Amino acid sequence: MAGGSSHDTLIGLGPALRKARERRGVTLDAASRDTKLRVDQLRALEGEEFDSLLGDVYVRGSLRTYAAYLGLDPEKVVGAYARHVEDPGPPPPPAKLGRVERAIAATRIRDNQRVMVLLAALVLLVAVVFGLVSRRHSAPEAAPLPSVTLQPEPSDRSIDAIVEALRDVVIVADADGVRARYELLAGETRTFTARSTLALEADDGGAFRLTVNGVEQGFPGTPGAPWSDEWSFGSESPAATGT
């Protein structure tokens, strides 16, 4: 059965259809002829007497046809009708209780209150018993574990020397017994690495800057004079020597 509507609970859909028809200057007879809907059906739509039509599907189709004919948005019109059908009205107010009904209701309330009090007392009793049993059977505190100091593992060691050539210079490097000769151009930088012993020689001690293990040495020698130096673990580095 289609969702009905009485004149006391109009949703405004019917009056909107009637006003749209009247603004267009169209009579019900003319609208019936153009839409193929009977006059009594159009009158039922404008009066929101949806129960007098042939069901919900027919009401929605008739509303869509009539709304399009009147220049209204069919989807909005059908949506307004659908919201009215799907939204039930407020429930009727409860009937006034008589003397017997009031007595029965009061008895039920008192019984419910007694049940709630008994349940609360039972829960409290279980909590107290559980707490006593837990304290009696609690495990002894564990003894503190002795502290252990971890010694750091020895890290890999190396000797790193960085040579930054300010002008052309010849460097001879001996890293752990491996000797090699390098011709560095001005602006070129090279790093030399050794595990135990590193020795460097240069044909011009003032032609480059030197950094050893992150410590800047500046110009290690005299400009235009040969220079050499050596580094190793376990012994202090000898001073740079010129030849």
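Residues numbered from 1 in each chain as written. Predicted model: local features only at pLDDT ≥ 70, side-chain atom pairs only at ≥ 80, totals over all residues. Heavy atoms only, no water.

A. Summary view of the sheet that holds strand S5 (residues 197-202). In spatial order, the strands read S3-S2-S5-S8; together these four strands make up an open sheet with antiparallel pairing. Since the sheet does not close on itself, it has two edges, and those belong to strand S3 (178-184) and strand S8 (227-232), each with one partner. Taken over all neighbouring pairs, the strand axes of this sheet differ in orientation by 15 degrees on average, direction set aside. Pairing between strand S2 (residues 169-175) and S3: seven bridges, direction antiparallel. The partner of Ala 175 across the bridge, within S3, is Val 178. (Pairing = 2+ DSSP bridges. Helix = DSSP H or I, 4+ residues; strand = E, 2+ residues; numbered from the N terminus. Axes fitted to C-alpha atoms, helices over the stretch in contact; angles between N-to-C directions.)

B. Seen up close, the nonpolar core. Judged by nonpolar contacts, the single largest core of 22 residues is most densely connected at Leu 42, Leu 45, Leu 63 and Tyr 66. Within the residue set of this core, elements represented by two or more residues are helix H1 (13-23), helix H2 (28-35), helix H3 (39-46), helix H4 (56-70) and helix H5 (74-86). No other element matches the six residues that H4 contributes to this core. Excluding its chain neighbours within four sequence positions, the residues that come into contact with Tyr 66 are Leu 17, Arg 21, Leu 28, Ala 31, Leu 42, Leu 45 and Glu 46. (Core = buried A, V, L, I, M, F, W, Y, C linked by side-chain atoms within 4.5 Å. Buried < 20%, exposed > 50% of the residue type's maximum accessible area, 1.4 Å probe, protein only. Contact = heavy atoms within 4.5 Å.)

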